[in-house]
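# Structural overview
Spelled out, the chains give:
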Amino acid sequence: MLQHSSQSEPRLEDIDCFACESGCVHFEYGSTMLSFSRETFMYVAELFAEARQDMLDEEELLNDWSEQIEETEKI
């Protein structure tokens, strides 16, 4: 299982993403800056979108199960 470090996350206001004049895309996460070519950024953005959708799908399934359990307990 993946172990996460205990470092604190930056505040949401400290996260930024922008394209510069040269066409690169920069992602700032607290004191860390990642720079991507346009092509790489588009690929990474798709990975984030897929992970987001997986999380939303999982959350929906968990909510459905919770509702079913609650209905069963009422009986």
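Residues numbered from 1 in each chain as written. Predicted model: local features only at pLDDT ≥ 70, side-chain atom pairs only at ≥ 80, totals over all residues. Heavy atoms only, no water.

## Some details on the sheet that holds strand β2 (residues 25–29)
Read across the sheet, three strands follow the order β1-β2-β3 without closing on themselves; strand pairing throughout is antiparallel. A single partner strand is all that each edge strand has here, and the edge strands are β1 (15–19) and β3 (32–36). Between one strand and the next, the sheet's axes are offset by a mean angle of 15°, whatever the strand orientation. Two strands pair when backbone bridges link them, and β2 and β3 are joined in this way by five bridges, in the antiparallel orientation. The residue of β3 that forms the bridge with H26 is S35. (Pairing = 2+ DSSP bridges. Helix = DSSP H or I, 4+ residues; strand = E, 2+ residues; numbered from the N terminus. Axes fitted to C-alpha atoms, helices over the stretch in contact; angles between N-to-C directions.)

## Re the pattern of salt bridges
The final tally for this structure, using the stated rule, is two salt bridges. Across the salt bridge formed by E13 and R11, the nearest N and O atoms sit 3.7 Å from each other. One exposure class covers both E13 and R11, and it is exposed. For R11, a relative accessible area of 53% corresponds to the exposed category. Through salt bridges with shared partners, a single network forms among R11, E13 and D14. (Salt bridge = Lys/Arg side-chain N within 4 Å of Asp/Glu carboxyl O. Buried < 20%, exposed > 50% of the residue type's maximum accessible area, 1.4 Å probe, protein only.)

## Concerning the state of the cysteines
Taken as a whole, this structure holds zero disulfides when the rule is applied. The closest cysteine sulfur to the non-disulfide-bonded C17 is located on C20, 11 Å from its own sulfur. Since its relative accessible area comes to 38%, C17 is described here as partly exposed. With no disulfide of its own, C24 lies 4.5 Å from the sulfur of C20, the closest cysteine sulfur. Look at C24 and you get partly exposed, because its relative accessible area is 28%. (Disulfide = S-S within 2.5 Å.)

Spatial relationships are all this shows, so hold off on functional conclusions.
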